[in-house]
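Spelled out, the chains give:
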Amino acid sequence: METLVSTWSRTAQILPENYVFPIGERPGSVEVPICQNIPLIDLAEGQSQSQTIDTILAACEEFGFFQVINHGVSEDLIDDTMKVVKDFYDMPDEEKAKVYSIDPSKSCQLYTSSYTYADEKVHFWRDNLRHPCHPLDECIHLWPKKPTNYRNVVGKYSLEVRKLSLIILELIREGLGLKPGYFGEELTGSQSLSVNHYPPCPDPSLTLGLPKHADPNVITVLLQGSVSGLQVFKNGQWLGVEPLPHAFVVNIGHQLQIISNGKLRSAEHRAVTNSREARTTIVSFINPSPDTIVEPAKSMISDGVPLYRSFKFKDFLNFYEEKKGDTKALMEAYKIKT
Ligand code: OGA
Ligand code: NI
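Rules used in this analysis
- Residues numbered from 1 in each chain as written.
- Chains lettered and ligands numbered in written order.
- Predicted model: local features only at pLDDT ≥ 70, side-chain atom pairs only at ≥ 80, totals over all residues.
- Heavy atoms only, no water.
- UniProt positions renumbered as here; feature names shortened; annotations may be inferred.
- Helix = DSSP H or I, 4+ residues; strand = E, 2+ residues; numbered from the N terminus.
- Donors = N, O, S within 2.8 Å, 3.2 Å for Na, K, Ca; no water.
- Buried < 20%, exposed > 50% of the residue type's maximum accessible area, 1.4 Å probe, protein only.
- Core = buried A, V, L, I, M, F, W, Y, C linked by side-chain atoms within 4.5 Å.
- Near = heavy atom within 4 Å.
- Polar contact = N/O pair within 3.5 Å; in protein donor to acceptor, adjacent residues only side chain to side chain.
- Areas by Shrake-Rupley, 256 points an atom, 1.4 Å probe, with all protein chains shown as cover.
- Pairing = 2+ DSSP bridges.
- Axes fitted to C-alpha atoms, helices over the stretch in contact; angles between N-to-C directions.
- Contact = heavy atoms within 4.5 Å.
- Phe/Tyr/Trp six-rings, centres within 6.5 Å; stacked < 30°, edge-to-face > 60°.
- Patch = residues over 30% accessible without salt bridge, like charges linked within 9 Å, V, L, I, M, F, W, Y side chains within 5 Å.
- Salt bridge = Lys/Arg side-chain N within 4 Å of Asp/Glu carboxyl O.
- Lys, Arg positive; Asp, Glu negative; His and termini not counted.
- Charge placed at Lys NZ, Arg CZ, Asp CG, Glu CD.

A look at the UniProt feature "domain: Fe2OG dioxygenase" (unreviewed entry) in the protein chain
Thought 1: With numbering matched to this structure, UniProt assigns "domain: Fe2OG dioxygenase" (unreviewed entry) to residues 189-288.
Thought 2: Counted over residues 189-288, helix gives 6% and strand 44%. Its end C-alpha atoms are 6 Å apart.

Quick word on the coordination of the nickel ion (ligand 2)
Thought 1: His213 (NE2), Asp215 (OD) and His269 (NE2) make up the full set of protein donors to the nickel ion (ligand 2), lying at 2.1 to 2.2 Å.
Thought 2: Sequence positions of the donors to the nickel ion (ligand 2) reduce to the motif H-x1-D-x53-H. Of this pair, His213 sits in strand E6 (residues 210-213) while His269 is found in strand E11 (residues 269-271), placing the two residues 56 residues apart along the sequence. Residue His213 shares its accessibility class with His269, and that shared class is buried.

Focus on the nonpolar core
Thought 1: Core analysis: the biggest nonpolar cluster contains 70 residues, and Phe66, Val68, Leu129, Ile168, Ile172, Phe183 and Phe248 have the highest contact counts within it.
Thought 2: Ranked by the residues each element gives to this core, the list is headed by helix H6 (residues 150-176), at 11 residues.
Thought 3: Grouped together as the second largest cluster of nonpolar side chains are 13 residues, Ile38, Phe63, Phe65 and Val283 included.

So, the site of ligand 1
Thought 1: Taken together, Asn196, Tyr198, Leu210, His213, Asp215, Leu222, Leu230, His269, Arg279, Thr281, Val283 and Phe285 are the residues near ligand 1.
Thought 2: His269 is positioned such that a nitrogen or oxygen atom in its side chain is 2.9 Å from an oxygen atom of ligand 1.
Thought 3: One nitrogen or oxygen atom from the side chain of Thr281 is found 2.7 Å from an oxygen atom belonging to ligand 1.
Thought 4: Protein chains shield 96% of the accessible area of ligand 1, which is 290 Å² for the free molecule.
Thought 5: Among the elements of the structure, strand E5 (190-198), E6 and strand E12 (279-287) are those that each provide at least two residues to the shell around ligand 1.

Brief notes about the sheet that holds strand E9 (residues 237-240)
Hydrogen bonding along the main chain pairs the strands of a sheet, whether they run parallel or antiparallel.
Thought 1: Across the sheet, which stays open at both edges, the 4 strands sit in the order E6-E11-E8-E9 with antiparallel pairing between neighbours. Of all the strands in the sheet, just E6 and E9 have a single pairing partner and so form its edges. Going across the sheet, the axis of each strand differs from the next one's by a mean of 20°, ignoring polarity.
Thought 2: In the sheet, E6 pairs with E11 via 2 bridges, with the strands oriented antiparallel. Bridged to His213 within E11 is His269.

Considering the sheet that holds strand E7 (residues 219-223)
Thought 1: Here 8 strands make up an open sheet; going across it, the order is E1-E2-E10-E7-E12-E5-E4-E3 and the pairing mixed. Bordering the open sheet on either side are strand E1 (40-42) and strand E3 (109-112), each of which pairs with just one other strand. Neighbour-to-neighbour, the strand axes of this sheet turn through a mean angle of 25°, independent of strand direction.
Thought 2: Sheet topology note: the E3/strand E4 (residues 127-132) ladder contains 4 bridges and is antiparallel.

Here's the deal with the environment of Ile286
Thought 1: If you trace the backbone, Ile286 turns up in strand E12.
Thought 2: C-alpha separation for the pair Ile286 and Leu40, spaced 246 residues apart in sequence, amounts to 21 Å.
Thought 3: Those residues in contact with Ile286 that sit more than four places away from it in its chain are Arg162, Ser165, Leu187, Thr188, Ser190, Gln191, Asn217, Val218 and Ile219.

Here's the deal with the packing of aromatic side chains
Thought 1: The full count for this structure, using the stated rule, is 15 aromatic pairs.
Thought 2: When the centroid spacing of 6.2 Å and the interplanar angle of 50° are considered together, the rings of Phe88 and Tyr150 count as tilted. Residue Phe88 is found in helix H3 (residues 75-90), and its partner Tyr150 is found in helix H6; the two are separated by 62 residues along the sequence.
Thought 3: Centre to centre, the rings of Phe319 and Tyr334 are 6.0 Å apart; their planes meet at 70°, and the pair counts as edge-to-face. Note that Phe319 is positioned in helix H9 (residues 313-323) and Tyr334 in helix H10 (residues 327-334), a separation of 15 residues in sequence.

Section: a negative patch on the surface
Thought 1: Judged by side-chain charge, Glu75, Asp76, Asp79 and Asp80 come together as a negatively charged surface patch.
Thought 2: Assignment of secondary structure puts Asp76 in helix H3.

What to know about the side chain of Gln257
Thought 1: By secondary structure assignment, the location of Gln257 is in helix H8 (residues 254-259).
Thought 2: For Gln257, a relative accessible area of 14% puts it in the buried group.
Thought 3: Here the side chain of Gln257 touches Ser266 through a polar contact of 2.9 Å, landing on its backbone nitrogen.
Thought 4: A distance of 3.0 Å separates the side chain of Gln257 from the side chain of Tyr308, its partner in a polar contact.
Thought 5: Those residues in contact with Gln257, other than ones at most four positions away along the chain, are Ile252, Gly262, Lys263, Leu264, Arg265, Ser266, Tyr308 and Met331.

Now the structure itself:
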């Protein structure tokens, strides 16, 4: 528990050595230009469906990122959820200690930095609460008991965000021309919620909340709230993703890159910290079920040769953990050598 940044950093005046990243990985200035080209997609009824699909596909090909508004998740539910997860991190240490664990096999886990804290040379300036959330009735009993409304509010939120994720996947499916039902239970049967907490940091130029990585899942729906910190790596440059309080940031995971045979990108991104205020983000990951075999969709393979080989999702996840953010080496290992 002493290792949680949110616990010990309350009184920290300087950044400890073991949070200082190597020169090439440091953010330096955390004030990067806002990426003006990440599309904002209006999912309100009345919008042209084919235009929406075109914009989403173009965004997934170019950036692997877009934001959505009028997405059907109520602003009240978003505000309530943000409040309850902040309340979670604001609870007294004794209460958080009940959820704290360094055992990654534990399904509901509060921990700091990454699963491999003990082996890290440099730690990440973040705490994380993570738990499964689908099917809800099979996992809600594993979640934190406090704050007392956590299960109720986060339960509703998880369901709504899952619904939205499946709507977006359906638009992507149509855009890619995949057969109806392609993103069924096998590819979407697992969902986890990850609540990142980045406390104010004494020197944001030297450290990171999350280092450069791409997400290993199918699709990610992230609530950034009103505090900036998410950056995308595009053409060798870091660009900020504008914080829009009730919008969701959507990004493509490695599984969708592989299923689309490389047409869609799972873009690299990171989280920087700031010295002014704590930042809390709520991230929903849609994953294939562990034993699902993932491979490029047949209809995406134009010349008969797929770019990637097939694999069991759980094996991919293990290899992802082993590669530790080395996206190139990870994806190369799944490429078919020609
Ligand atoms: C993640 C992630 C970014 C953020 O959790 O995978 O990229 O801004 N989070 O919290
Ligand atoms: Ni991520």
